[in-house]
Amino acid sequence: MSTHPIDPTLQQAFGLWKDAFLRRDLASLMATYAPDAVMYDVKPPFQIRGLDNIRAVWEEAFSCFPPGITYSAIDEKIESSGDLAVMHRVQRFDGAPAGHPMENLHIRLTVTLRREHGRWLVTHEHVSLPFNPETGIVVGTP
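On a predicted model such as this, the values are computed, not experimentally measured, just so you know. (Residues numbered from 1 in each chain as written. Predicted model: local features only at pLDDT ≥ 70, side-chain atom pairs only at ≥ 80, totals over all residues. Heavy atoms only, no water.)

Trainee: I tried to follow the pairing of strand β4 (residues 84-94) on my own but got confused; where do I start?
Mentor: Both strand β3 (residues 70-81) and β4 contribute to a ladder of 10 bridges, which runs antiparallel. In the strand pairing of β4, Thr70 is matched with Asp94. Taken together, β3 and the strand that follows it, β4, pair antiparallel across an intervening segment of 2 residues, in which Gly82 is found at a positive phi of about 60 degrees. The pairing of β4 with strand β5 (residues 106-116) spans 9 bridges and is antiparallel. (Pairing = 2+ DSSP bridges. Helix = DSSP H or I, 4+ residues; strand = E, 2+ residues; numbered from the N terminus.)

Now the structure itself:
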């Protein structure tokens, strides 16, 4: 796997995903996923397969994000080899009102993309929250 240089079309794919998320543009967001995509989410059913099911997860998720929320990538790393690429990072949500559950929330995110006909598409997305194994309580802020 190579870490440099990043294929400009790969950077563009991540940019399209982020822009669609921030605009809450479900159609554009779904256009970034491969038909056989798999998502591992932070809440049941945990494993989501197929575009219709991923779309349903995003429709519900958008209602959890307050208007104006953004995010910052921490320790992001993108690696690629041929037609496969992996990105992983810690992601901090910014802009949630004080006291909102998303305020300063940190998640772990891994995304795998596959290049198909010149386009990078998300084939695997894994979102997780660390937890304290002694209490079972999620630890969403450092």
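Trainee: Explanation requested: the packing of aromatic side chains in the structure shown.
Mentor: The geometry of two aromatic rings is summed up by the distance between their centres and the angle between their planes. In this structure the tally under the stated criterion is 10 aromatic pairs. Residues Tyr71 and Phe93 carry aromatic rings whose centres are separated by 6.4 Å and whose planes lie at 75 degrees to one another, so their mutual orientation is edge-to-face. Taken together, the residues span a long stretch of sequence, with Tyr71 in strand β3 and Phe93 in strand β4 at a distance of 22 residues. The pair formed by Tyr71 and Phe93 is uniform in burial state, with each residue classed as buried. In this structure an aromatic cluster arises from ring pairing among Trp17, Phe21, Trp58, Phe62, Phe65, Tyr71 and Phe93. Against the face of Tyr71 rests Lys18, its NZ or CZ located 4.9 Å from the ring centre. (Phe/Tyr/Trp six-rings, centres within 6.5 Å; stacked < 30°, edge-to-face > 60°. Buried < 20%, exposed > 50% of the residue type's maximum accessible area, 1.4 Å probe, protein only. Lys NZ or Arg CZ within 6 Å of the ring centre and 35° of its normal.)

Trainee: How should I be thinking about the pattern of salt bridges in this particular structure?
Mentor: Side chains that differ in sign of charge can pair as their charged atoms come close. If you walk through the whole model with that rule in mind, you get 9 salt bridges. Lys77 is paired through a salt bridge with Glu79; the nearest N and O atoms lie 3.9 Å apart. Given the relative accessible area of 36%, Lys77 is considered partly exposed. Of the charged contacts, one joins Arg115 and Asp83 as a salt bridge, the two residues approaching to 2.9 Å between their closest N and O atoms. Of this pair, Arg115 sits in strand β5 while Asp83 is found in the loop between β3 and β4, placing the two residues 32 residues apart along the sequence. Taking relative accessible area as the criterion, Arg115 reaches 25% and is therefore assigned partly exposed. Connected through shared salt-bridge partners, Asp7, Asp83 and Arg115 make up one network. (Salt bridge = Lys/Arg side-chain N within 4 Å of Asp/Glu carboxyl O.)

Trainee: Before we go on, may I ask you to explain the side chain of Asp94 in this structure?
Mentor: Note that Asp94 resides in strand β4. Reaching out from Asp94, the side chain makes a polar contact with the side chain of Arg92 at a distance of 2.6 Å. If near-sequence neighbours (up to four positions away) are discounted, Asp94 is found in contact with Gly68, Ile69, Thr70, Tyr71 and Ser72. (Polar contact = N/O pair within 3.5 Å; in protein donor to acceptor, adjacent residues only side chain to side chain. Contact = heavy atoms within 4.5 Å.)

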